[in-house]
Amino acid sequence: IILAIVAWMCSFCLLGKGKKITIGWESFPRTLDPRVATDADSQYLADLVHCSLFKFDHKGKLVADLVKTWKWLGNKKIKVNLRDDIKFANGGPVRAEHVKRTYMSLLNIKNAKLFPKAYGFTNLKSVTVKGSSIIFELKKPDAAFLYDNLSIGVLPPEHDFSKVLTLEKSFKGCGHFTFESSSPS
């Protein structure tokens with residue numbers, strides 16, 4: 001397993017733009033949608049294709065991805081300021097509105113049947129955008145909210161947010177890779 005991880009990391013560094021990698025899965029990923037990815041393979045694939053506010057490093061430590069700075073504003077609000085150098089694969093910038101739209105699709109608990117990760121957002125009261133800043137306001141204090149919920153991949157603005165992103169067609173997000181195709185062979 002360690003050799004596979006090192007090989008993957010080296011291929012990432014050496015590939016360069018426009019090169020392809022093929023990933024063999026022990027079990028086939030179920031989805032490309034970060035709002036639905038609950039199994040390990042789907043989550044791994046989503047992490048490659050999508051950028052998120054935060055990610056976890058190889059030691060399990062929370063690290064900034066889209067976020068330049070962040071801070072708690074009291075015990076029920078988190079303010080994040082986005083980096084301005086992140087782009088979607090189509091060249092468009094990742095904006096605070098895109099982040100908000102992704103999280104708003106999870107805010108309605110009625111979406112929980114379609115998007116299982118919506119259950120983690122029952123304590124989220126609102127998402128407010130001010131320029132390149134986003135304020136997440138909670139209904140009650142929750143120190144784990146940042147770690148548990150702000151690592152979901154951001155979907156591009158052209159995505160239909162009422163639908164689950166599937167593995168049936170190619171997809172370009174704001175992650176380091178684009179998804180071209182899949183086959184269970």
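Anything mentioned here points back to the structure above.
Residues numbered from 1 in each chain as written. Predicted model: local features only at pLDDT ≥ 70, side-chain atom pairs only at ≥ 80, totals over all residues. Heavy atoms only, no water.

Give a detailed account of helix H2 (residues 40–49), specifying residues and quantitative values.
Within H2, the full set of buried residues consists of Asp-41, Ser-42, Leu-45, Ala-46, Leu-48 and Val-49. What you see down the axis of H2 is that its buried residues fit within an arc of 160 degrees, all on one side. (Buried < 20%, exposed > 50% of the residue type's maximum accessible area, 1.4 Å probe, protein only. Helix = DSSP H or I, 4+ residues; strand = E, 2+ residues; numbered from the N terminus. Arc of directions from axis to C-beta.)

Now, about the pairing of strand S6 (residues 133–138): what can you tell me, with residues and values included?
Burial within S6 is extensive, with five of its six residues counted as buried. Of the pairings in the sheet, the one linking strand S4 (residues 77–82) to S6 comprises five bridges and is antiparallel in character. Bridging across to S6, Val-80 finds its partner in Ile-134. Inspection of the sheet shows strand S5 (residues 124–130) paired to S6 by six bridges, in the antiparallel sense. Residue pairing for S6: Lys-130 is matched across the bridge by Ser-133. With antiparallel pairing between neighbouring strands as the criterion, S5 and S6 make up a hairpin whose turn holds two residues, including Gly-131 at a positive phi of roughly 65 degrees. (Pairing = 2+ DSSP bridges.)

Now, about the side chain of Ser-105: what can you tell me, with residues and values included?
Within the secondary structure layout, Ser-105 lies in helix H3 (residues 96–107). Among the polar contacts listed, one links the side chain of Ser-105 to the backbone oxygen of Thr-102, at a separation of 2.5 Å. (Polar contact = N/O pair within 3.5 Å; in protein donor to acceptor, adjacent residues only side chain to side chain.)

I'd love a proper account of the packing of aromatic side chains, names of residues and values included.
Taken as a whole, this structure holds five aromatic pairs when the rule is applied. With a centroid separation of 5.6 Å and an interplanar angle of 65 degrees, the aromatic rings of Tyr-103 and Phe-121 are classed as edge-to-face. Of this pair, Tyr-103 sits in helix H3 while Phe-121 sits in the loop between H3 and S5, placing them 18 residues apart in sequence. Judged by relative accessible area, which is 1%, Phe-121 ranks as buried. Through successive ring pairs, a cluster of aromatic residues spans Tyr-103, Phe-121, Phe-136 and Phe-145. (Phe/Tyr/Trp six-rings, centres within 6.5 Å; stacked < 30°, edge-to-face > 60°.)

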